[in-house]
Amino acid sequence: MAAELNYSDWFQAKIKDIRIESGNIKTYSPLVEFLYFLMRDYLAVGHIEKIIEEMEWQRAQGQLGSNFTNGWLAQYASNVAHRIADLTPTLCEDEGCEHHGTPHICQTLNTTKDSPKSGKRTQRSTSKK
Ligand SMILES: [Zn+2]
């Protein structure tokens, strides 16, 4: 007699297998996060690739920057770019530190203005993961 197979359990096991097979990637880059969610949920990879290739071609031709005719859209794009930059953690560059390549917890905890007893960290040191 075959064990009763629950679809939800089977599906969860399948998703787990797919995640293991496709790779488990950790990033601290909010730009990578933004692009991942954009391509996963809203915009086909081909559109992103076309845009980046056009930008690379323009740079190869010596054209630096772009002129936009929709000022509101250009300002919103700039606003989003600044918000993404504000989410970027400072990564530890000390190769001797156990946090090398990850948010510099050892430094941000020492420089925080919060009381050590509060357990709070500065905005930049807090990851939403
Ligand atoms: Zn460190």
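Worth saying up front: this structure is predicted, and the values here are computed from it rather than measured.

Draft legend 1. View of the overall build of the protein. Within the protein one finds 5 helices and 0 strands. Long-range pairs, those at least 24 residues apart, make up 32% of the contacts in the protein between residues at least 6 apart in sequence.

Draft legend 2. Structural detail: helix α1 (residues 7–22). If you check α1, its first and last C-alpha atoms are 22 Å apart, about what 16 residues at 1.5 Å a residue would give, namely 22 Å. Little of α1 is tucked away: 0 of the 16 residues are buried.

Draft legend 3. Local environment of the confidence of the model for the protein. On average, residues of the protein score 83 in pLDDT, and 79% of them are at 70 or above. Ranking the elements of the protein by mean pLDDT puts helix α5 (residues 105–111) last, at 57, and helix α4 (residues 71–86) first, at 97. Between residues 112–129, whose pLDDT stays under 50, and residues either more than four places distant or in other chains, the model counts 16 contacts.

Draft legend 4. Highlighting α4. An ideal rise of 1.5 Å per residue puts 22 Å on 16 residues; α4 measures up with 22 Å between its terminal C-alpha atoms. Within α4, only 0 of the 16 residues are buried, which leaves the element largely exposed.

Draft legend 5. Region of the structure containing the environment of A81. Within the element layout of this structure, A81 appears in helix α4. Each C-alpha atom, one on A81 and one on L31, is 8.6 Å from the other, the two residues being 50 residues apart in sequence.

Draft legend 6. Focus on the environment of Y28. Within the secondary structure, Y28 is located in the loop between α1 and α2 (30–41). Apart from residues lying up to four places away in sequence, Y28 is in contact with P89, L91, T102 and P103.

How each quantity is defined
- Counting of residues starts from 1 at the beginning of each chain's written sequence and follows it residue by residue.
- At least 70 in pLDDT is required for a residue's local features to be given in this predicted model, at least 80 for side-chain atom pairs to be given and counted, and no such filter applies to totals for whole chains, interfaces and linings, which use all residues.
- Secondary structure follows DSSP: runs of H or I at least 4 residues long count as helices, runs of E at least 2 residues long count as strands, and numbering of each begins at the N terminus.
- Each residue gets a C-beta atom placed from its backbone, and two residues are in contact if those atoms lie within 7 Å.
- Any helix carries an expected span of 1.5 Å times its number of residues minus one.
- Partly exposed residues are those falling between the two cut-offs: more than 12 but fewer than 20 other C-beta atoms within 10 Å of their own, whereas 20 or more means buried and 12 or fewer means exposed, with C-beta atoms placed from the backbone.
- As a per-residue quantity, pLDDT reports the predictor's confidence and falls between 0 and 100.

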